[in-house]
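Secondary and tertiary structure notes
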Amino acid sequence: HRHLLGIEGLSRPDIEALLARADDAVALSRQVEKKRNVLRGRTQINLFFEPSTRTQSSFELAGKRLGADVMNMSVASSSVKKGETLIDTAATLNAMRPDIIVVRHHSAGAVHLLARKVDCAVVNAGDGAHEHPTQALLDALTIRRNKGGIEGLTVAICGDVLHSRVARSNILLLNALGARVRVIGPSTLLPTGVARLGVEVFTNMREGLKGCDIVMMLRLQRERMNGSFVPSVKEYFRYYGLDSEKLALAKPDALVMHPGPMNRGVEISSEIADGAQSLIREQVEMGVAVRMAVLEALATHLPNG
Ligand code: CP
């Protein structure tokens, strides 16, 4: 593949090859000397139109560990603020001859559009409520390393599924690797027809958590709810917040995940977020490794690669 625009379009062998590469990147990242030369001489631009802590910093570290020159475009202080369009911004950056552009944008499909306008490889770092493929890959890597595999596991994705690109990419990837996927949330925060994606749908969290191996919590994305129904935080936590009482309904060895950023006391209690069943910190470590794996895989398809 020349780009990574989504989990859609990746085969099971594609995904497994990336996860195997990411396991090697975890080992490398745990050494004192963390650098390789795979992207030496190459230029990577991180172009983030939406805020990010984890994704942007881990793509920067990943590029640097592979030897690339990494440039972070600060959109907040760029000419986008003066009205320059996405396409003109893309053409401008393209003229600087980057090898890889990593893009996050608030509109679903913006990354696909940009990929058609530039000569280099494009990686989707999150586009609207559409896809966040490297998040799904890092989640799969985290699950695999803790559970030994993904086939046959029951995974519940809980909360604001409607606005979540993380949920969509995870549903595609977990189904491709043979997990049983459930979505749990209030009907107002579940996309219409979500069952067509191959998931079991629950609006009662206590019912949905029964027998789960993995409980994946999502942030309530209030910034994407302009004009539509915004639940009260207190009510939301009571019915859909993960606390020890609700988690006790899942399997005794169930593990808890959250892509971050977390809203403690909204979708998850601090006790669970920081507790023994939480994989949240490990997800961040796996994020760097997965992004190294993706950049390395794309390197072989770059012009003159
Ligand atoms: N999980 C995730 O995408 O986090 P950031 O928004 O901080 O990058």
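Computed from a prediction, not measured in an experiment: that's the story for all the values here.

Take the site of the ligand next. Every residue near the ligand is listed here: S52, T53, R54, T55, R104, H132, Q135, P259 and G260. S52 has a polar side-chain atom sitting 2.6 Å from an oxygen atom of the ligand. Between the ligand and H132, the relevant distance is 2.9 Å, taken from an oxygen atom to a side-chain nitrogen or oxygen of the residue. Out of a free accessible area of 250 Å², the ligand has 92% covered by protein chains. Grouping the amino acids of the shell around the ligand by side-chain chemistry returns one nonpolar, six polar and two charged.

It is worth spelling out the sheet that holds strand 7 (residues 200-202) at this point. Across the sheet, which stays open at both edges, the five strands sit in the order 7-6-5-8-9 with parallel pairing between neighbours. Across the chains shown, the open sheet's two edge strands, defined by having one partner strand only, are strand 7 and strand 9 (255-257). Recorded for the sheet is a direction-independent mean angle of 20° between the axes of neighbouring strands. In the sheet, strand 5 (residues 154-158) pairs with strand 6 (residues 180-184) via five bridges, with the strands oriented parallel. Looking at the pairing, C158 lines up with I184 of strand 6. Lying on the sheet, helix 6 (residues 165-176) is in contact with strand 5, strand 6 and strand 8 (214-217); it crosses strand 5 at an angle near 170°.

A word on the pairing of strand 5. In terms of residue burial, strand 5 counts as a mostly covered element, since five of its five residues are buried. Burial along strand 5 is two-sided: T154, A156 and C158 and V155 and I157, pointing in opposite directions, are all buried. Crossover connection from strand 5 via helix 6 to parallel strand 6: handedness right-handed. Relative to strand 8, strand 5 runs parallel, the two sharing four bridges.

What follows concerns the packing of helix 2 (residues 54-65) against helix 11 (residues 280-299). Here helix 2 crosses helix 11 at 50°, and the two axes come no closer than 8 Å. Between helix 2 and helix 11, the interaxial angle falls into the category oblique. Where helix 2 crosses over helix 11, the two elements pack in a sense that is right-handed. Residue-level inspection shows R54, T55, S58, F59, L61, A62, G63 and R65 of helix 2 in contact with helix 11, the latter providing V284, G287, V288, R291, M292 and L295. Partitioning the contact of helix 2 with helix 11 into residue classes produces seven nonpolar, four polar and three charged.

A few words on the packing of aromatic side chains. Overall, the coordinates contain one aromatic pair when judged by the stated rule. Ring centres 5.9 Å apart and planes at 35° place the aromatic pair Y236 and Y240 in the tilted group. Of the two residues, Y236 and Y240 are both situated in helix 8 (residues 233-240); the distance of four residues between them amounts to about one turn of the helix. Lying over the aromatic face of F237, K246 brings its terminal NZ or CZ to 5.7 Å of the ring centre.

Now for the UniProt feature "binding site: L-aspartate" (unreviewed entry) in the chain. When the UniProt feature table is mapped onto this chain, "binding site: L-aspartate" (unreviewed entry) is found at K82, R165 and R219. Annotated residues spanning 138 residues; largest pairwise C-alpha distance 31.2 Å, indicating distribution over more than one region. As for its position among the elements, K82 is in the loop between strand 2 (69-74) and helix 3 (86-94). Turning to its location among the elements, R165 is positioned in helix 6. When neighbours within four sequence positions are excluded, R165 is seen to be in contact with E50, R104, H105, G126, D127, G128, A129, H130, E131, H132 and R224.

So, on to the confidence of the model for the chain. On average, residues of the chain score 95 in pLDDT, and 98% of them are at 70 or above. Taken over the whole predicted complex, pTM reads 0.97, whereas the ipTM for its chain interfaces reads 0.97.

Ranked by size, the top nonpolar core spans 63 residues in total, and within it L137, I157 and L174 carry the most contacts. Tallying contributions element by element places helix 11 first for this core, with 11 residues. Look past the residues within four positions of L174 in its chain and what remains in contact with it is I143, I150, V155, I157, A179, V181 and M216. L209, C212, Y236 and I268 belong to the second-largest nonpolar core, a separate cluster that totals 24 residues.

Our next topic: the sheet that holds strand 2. An order of 2-1-3-4 is seen for the four strands of this open sheet, with the pairing classed as parallel. The open sheet has two edge strands with one neighbour each: strand 2 and strand 4 (121-127). For this sheet, the mean angle separating the axes of adjacent strands, direction not counted, is 15°. For strand 1 (residues 43-48) and strand 2, the ladder comprises six bridges, and the chain directions are parallel. Within strand 2, the position partnered with T43 by the bridge is D69.

About the criteria used
Residues numbered from 1 in each chain as written. Predicted model: local features only at pLDDT ≥ 70, side-chain atom pairs only at ≥ 80, totals over all residues. Heavy atoms only, no water. Near = heavy atom within 4 Å. Polar contact = N/O pair within 3.5 Å; in protein donor to acceptor, adjacent residues only side chain to side chain. Areas by Shrake-Rupley, 256 points an atom, 1.4 Å probe, with all protein chains shown as cover. Nonpolar A, V, L, I, M, F, W, Y, C, P; charged D, E, K, R; others polar. Pairing = 2+ DSSP bridges. Helix = DSSP H or I, 4+ residues; strand = E, 2+ residues; numbered from the N terminus. Axes fitted to C-alpha atoms, helices over the stretch in contact; angles between N-to-C directions. Contact = heavy atoms within 4.5 Å. Buried < 20%, exposed > 50% of the residue type's maximum accessible area, 1.4 Å probe, protein only. Right-handed = clockwise from strand over helix to strand, strands pointing away. Parallel < 35°, antiparallel > 145°, perpendicular 65-115°, else oblique. Left-handed = near helix turned anticlockwise from the far one by under 90°. Phe/Tyr/Trp six-rings, centres within 6.5 Å; stacked < 30°, edge-to-face > 60°. Lys NZ or Arg CZ within 6 Å of the ring centre and 35° of its normal. UniProt positions renumbered as here; feature names shortened; annotations may be inferred. pLDDT = per-residue confidence, 0-100. Core = buried A, V, L, I, M, F, W, Y, C linked by side-chain atoms within 4.5 Å.

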